[in-house]
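Analysis of the macromolecular model
The chain contents come next:
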Amino acid sequence: MTATTETRAQVAPDPAAVEAFADRRIGVVNGAATALMTSIGHQTGLFEALAGQPPQTSAELAGRAGLDERYVREWLNAMTTARIVVHDPEAVTYALPPEHAALLTEAAGPDNFARLTTLVPMIAEVEQGIVRCFREGGGLSYSDYARFHQLQAEDSRALVDTTLLESVVPAIDGLRDQLEAGAQVADVGCGSGHAVNVLARAFPASHFVGYDFSPEALDAARGEAAAWGLANARFEALDVATLDEVAAYDFVTAFDSIHDQAHPARVLGNIARAVRDDGVFLLVDIEASSHVHENIDHPFGPFLYTVSTMHCMSVSLGLGGDGLGTAWGLQLATSMLHDAGFGDVRKIDVAADPVNAYLACRK
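In this report, we go over the structure that sits alongside the text. Every value quoted in this text rests on a predicted model; they were computed, and no experiment measured them.

**Describing helix α16 (residues 329-340)**
- Its 12 residues place the ends of α16 16 Å apart at the C-alpha level, agreeing with the 16 Å of an ideal helix rising 1.5 Å per residue.
- Listing the buried residues of α16 in full gives Gly 329, Ala 333, Met 336, Leu 337 and Ala 340. Burial along α16 is one-sided: seen end-on, the buried residues are contained in an arc of 105°.
- Packed against the buried residues of α16 are α14 (264-274), β7 (275-286), β8 (344-348) and β9 (356-362).
- Positive phi shows up at Gly 341, right after α16, with a value of about 125°.

Printed below as a string of structure tokens:
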């Protein structure tokens, strides 16, 4: 027996610490279950049907939402024990307090926690594939995530509608004037293209292009542009690691897309080459540190590393990439931006979005 083994054997666990740790583990299990049921409540419209209404029976709520009463009743019981819904045992009714509705309905905008929970079952669908990757290496494909683009589009839409025109554009010196006068703009990893379309509708003198390699996302982007009658927005299928334009754009954006790239340093270099000397690159990505010990107190710390493991890092590795990860952090992002050719990297304040960091980058 080694000295280290002897030392370990002599150290008995603190019963109070064991009990406290067990309590936290119970909280984790209950939190995971609550997240699943909250996701169901969002997808079925139950929170919207409860919000602003007097106490209802399960039958009344099921009728209002157009759902099966037995499932609604069990969901209400889960929400009651999670202290999300208030139950009156004598009247056998349920109510959603307005303070809870403020964070669980569409009225919450980008702060809708019910919408956020839909990511939990989505990434859980690929659990066995990720277990295989732990053993064999490599990663998964975007095609393994059946609902990814739908959920990402729903989440990003609320954020874009709340922040892009009112907070982000005014925060970058001279950008609004440039867009109103007429600028060339590109969005890298545009997804469903909502940011491009919002900007194109607001600034008809400018021309916009969105790049992505997902046919599903591009179809949604083109459909919205057509529905809005936008003649100044187009969308192209492109792996931005192959973007080879030079001094083509006055403004380039990347909304939570760089950390997913197979080769993010190459993409940033391509963007730097494509931005004109007096242009701006807006990098929007997760607000975190590059050092895990500095993320221990991050309110979404475990969530970020879990999403990274289950999606962002994995899809990069699945393409033979670098596997940068969701929580690559501001320190590494700033260093990589400097290496790409952006000498001036400034963080701008967007109070309505505490999850992401907004970096305005100039050469």
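**Focus on the sheet that holds β9**
- Reading across the sheet, the 7 strands line up as β5-β4-β3-β6-β7-β9-β8 and stay open at both edges, with mixed pairing between neighbours. Either end of the sheet is taken by a strand with one partner, and the two such strands are β5 (233-237) and β8. Mean inter-strand twist for the sheet, computed between neighbouring axes without regard to direction, equals 20°.
- Sheet topology note: the β7/β9 ladder contains 6 bridges and is antiparallel. In the sheet register, Val 284 faces β9, and the bridge partner there is Tyr 358.

**So, the pattern of salt bridges**
- Under the counting rule described, the total for this entry stands at 12 salt bridges.
- Linking Arg 147 and Glu 125 is a salt bridge whose minimum nitrogen-to-oxygen distance equals 3.0 Å. Residue Arg 147 is located in the loop between α9 (127-136) and α10 (148-171), and its partner Glu 125 is located in the loop between α8 (119-124) and α9; the two are separated by 22 residues in the primary sequence.
- Judged by relative accessible area, which is 18%, Arg 147 ranks as buried.
- Among the ionic contacts, a cluster of salt bridges with common partners joins Glu 106, Arg 115 and Glu 154.

**Focus on the nonpolar core**
- Leu 164, Ile 172, Leu 179, Phe 208, Phe 235, Leu 282 and Tyr 358 are the most contacted members of the largest nonpolar core, which totals 33 residues.
- Every residue in contact with Leu 164, bar those within four places of it in the chain, is listed here: Leu 159, Val 169, Pro 170, Ala 195, Val 198, Leu 199 and Phe 255.
- Grouped together as the second largest cluster of nonpolar side chains are 29 residues, Ala 186, Ala 254, Ile 258 and Ala 333 included.

**Thoughts on the packing of α14 against α16**
- Viewed as axis vectors pointing N to C, α14 and α16 meet at an angle of 50°, and their least axial separation amounts to 8 Å. Taken together, the axes of α14 and α16 lie oblique to each other. In the crossing of α14 with α16, the sense of the turn from one axis to the other is right-handed. Here Pro 264, Ala 265, Leu 268, Gly 269 and Ala 272 of α14 lie close against α16, whose contacting residues are Met 336, Leu 337 and Ala 340.
- Grouping the constituent residues of the contact of α14 with α16 by class yields 7 nonpolar, 1 polar and no charged.

**Regarding helix α2 (residues 15-44)**
- Helix length check: α2, at 30 residues, gives a terminal C-alpha distance of 44 Å against a target of 44 Å (1.5 Å per residue), a fit within 8%.
- Of all the positions in α2, only Ala 35, Thr 38, Ser 39, Gly 41 and His 42 are classed as buried.
- Each element contacted by the buried residues of α2 is listed here: α3 (46-50), α5 (69-81), α6 (98-104), α7 (113-117), α8 and α10.
- Backbone nitrogen of Ala 16 and a side-chain oxygen of the N-cap are separated by 3.1 Å at the start of α2; the cap is Asp 14.
- Positive phi appears at Gly 45, one or two residues downstream of α2, with a value of about 80°.

**Details of unusual backbone geometry**
- A positive phi angle, close to 45°, is found at Ala 247, a residue other than glycine.
- Turning to its location among the elements, Ala 247 is positioned in the loop between β5 and β6 (249-255).
- The phi dihedral of Asp 256 is positive, around 50°, even though this residue is not glycine.
- Structurally, Asp 256 is set in the loop between β6 and α14.
- Residue Asp 256 is classed as partly exposed on the basis of its relative accessible area, which comes to 22%.

**Here's the deal with the state of the cysteines**
- Scanning the entire structure with this criterion turns up 0 disulfides.
- Of the cysteine sulfurs around Cys 133, a residue in no disulfide, the closest is that of Cys 312, at 14 Å.
- Its relative accessible area of 13% is what places Cys 133 among the buried residues.
- With a relative accessible area of 5%, Cys 312 lands in the buried category.

**A closer look at the pairing of β6**
- With 7 of its 7 residues buried, β6 lies for the most part within the structure.
- In terms of strand pairing, strand β3 (residues 184-188) meets β6 through 3 bridges, oriented parallel. When the bridges of β6 are listed, Val 185 appears paired with Phe 251.
- As paired elements, β6 and β7 share 6 bridges and run parallel to each other. Counted as the bridge partner of Ala 254 is Leu 283 from β7.
- Remark: the β6/α14/β7 crossover connection has right-handed handedness.

**Looking at the packing of helix α4 (residues 58-65) against α5**
- At their nearest, the axes of α4 and α5 sit 9 Å apart, and the two run at 115° to each other. Every pair of crossing elements has a handedness; the one defined by α4 and α5 is right-handed. Where α4 approaches α5, its residues Ser 58, Ala 59, Leu 61 and Ala 62 are matched on the opposing element by Glu 69, Val 72, Arg 73 and Leu 76.

Rules of the game
Residues numbered from 1 in each chain as written. Predicted model: local features only at pLDDT ≥ 70, side-chain atom pairs only at ≥ 80, totals over all residues. Heavy atoms only, no water. Helix = DSSP H or I, 4+ residues; strand = E, 2+ residues; numbered from the N terminus. Expected span 1.5 Å × (residues − 1). Buried < 20%, exposed > 50% of the residue type's maximum accessible area, 1.4 Å probe, protein only. Arc of directions from axis to C-beta. Contact = heavy atoms within 4.5 Å. Pairing = 2+ DSSP bridges. Axes fitted to C-alpha atoms, helices over the stretch in contact; angles between N-to-C directions. Salt bridge = Lys/Arg side-chain N within 4 Å of Asp/Glu carboxyl O. Core = buried A, V, L, I, M, F, W, Y, C linked by side-chain atoms within 4.5 Å. Parallel < 35°, antiparallel > 145°, perpendicular 65-115°, else oblique. Left-handed = near helix turned anticlockwise from the far one by under 90°. Nonpolar A, V, L, I, M, F, W, Y, C, P; charged D, E, K, R; others polar. Polar contact = N/O pair within 3.5 Å; in protein donor to acceptor, adjacent residues only side chain to side chain. Disulfide = S-S within 2.5 Å. Right-handed = clockwise from strand over helix to strand, strands pointing away.

The quantities given are spatial measurements derived from coordinates; they are silent on function.
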